[in-house]
Amino acid sequence: MQKPKIVAIYGSPRRKGNTAALLKKAVEGARDFGAEVEEMMLRDLKISPCLEIYGCTQAGECAIKDDFQKVRDKILDSEGLMLINRPATNGASNEKGCLYPLVPPGEKSFLMECF
């Protein structure tokens with residue numbers, strides 16, 4: 001049986017804070033049940049905010065060549081997604097806020113539930 005692939009994305013800028021510790025526990029649990037989990041810290045990636053170039057609607061892919069394509073491809077190639085943000089932000093952190101608008105229109109419904 002093939003291991004399920006899960007992407008775990010840390011939206012908090014603090015590597016060793018409470019939010020990261022919480023996701024680490026979830027990652028451990030998923031691995032204990034046999035999942036293959038890839039962890040990504042948004043603070044380590046270069047993701048530009050949407051510049052409304054509309055390459056996503058014309059070519060089906062963002063015209064901005066940054067780390068977003070790597071994140072998107074890993075999410076779409078996975079069977080599960082763990083996404084965490086620090087609770088004190090009352091919404092999306094700067095890191096996570098850049099991720100959401102860059103998802104092509106047909107895929108936004110997939111990620112919207114995670115935010």
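Residues numbered from 1 in each chain as written. Predicted model: local features only at pLDDT ≥ 70, side-chain atom pairs only at ≥ 80, totals over all residues. Heavy atoms only, no water.

**Points about the pairing of strand 1 (residues 5-10)**
The buried fraction of strand 1 amounts to five of the six residues, a majority that puts the element mostly inside the structure. Where strand 1 meets strand 2 (residues 36-41), six bridges bridge the pair, whose relative direction is parallel. Within strand 2, the residue paired with A8 across the bridge is E39. For the segment spanning strand 1, helix 1 (residues 18-32) and strand 2, crossover handedness is right-handed. Bridging between strand 1 and strand 3 (residues 80-84) involves five bridges; their strand directions are parallel. Bridge pairing links I6 to G80 in strand 3. (Buried < 20%, exposed > 50% of the residue type's maximum accessible area, 1.4 Å probe, protein only. Helix = DSSP H or I, 4+ residues; strand = E, 2+ residues; numbered from the N terminus. Pairing = 2+ DSSP bridges. Right-handed = clockwise from strand over helix to strand, strands pointing away.)

**Digging into the state of the cysteines**
All chains considered together, the criterion is met by zero disulfides. Considering cysteine sulfurs only, C50 is the nearest to C56, which forms no disulfide, with 6.4 Å between them. A relative accessible area of 24% places C56 in the partly exposed class. (Disulfide = S-S within 2.5 Å.)

**As for the pattern of salt bridges**
Per the counting criterion, the structure on display carries 10 salt bridges. D77 serves as the salt-bridge partner of K5, at 2.7 Å between the closest nitrogen and oxygen. You can see K5 sitting in strand 1 and its partner D77 sitting in the loop between helix 3 (68-76) and strand 3, a full 72 residues away along the chain. Using a relative accessible area of 26% as the deciding quantity, one classes K5 as partly exposed. Residues D73 and R72 are paired through a salt bridge, measuring 3.0 Å at the closest nitrogen-oxygen approach. With relative accessibility at 39%, the residue D73 sits in the partly exposed group. Put simply, E61, K65, R72 and D73 are held in one network by salt bridges that share partners. (Salt bridge = Lys/Arg side-chain N within 4 Å of Asp/Glu carboxyl O.)

**As for the confidence of the model for the protein chain**
Residues shown with low pLDDT carry predicted positions that ought not to be read at fine detail. Here the protein chain averages 79 in pLDDT, while 75% of its residues score no lower than 70. When mean pLDDT is taken per element in the protein chain, strand 2 scores highest with 95 and helix 5 (residues 108-112) scores lowest with 40. Predicted confidence is poor over residues 101-115, with pLDDT under 50, and the contacts of this stretch with residues over four places away or in other chains come to 31 contacts. (pLDDT = per-residue confidence, 0-100. Contact = heavy atoms within 4.5 Å.)

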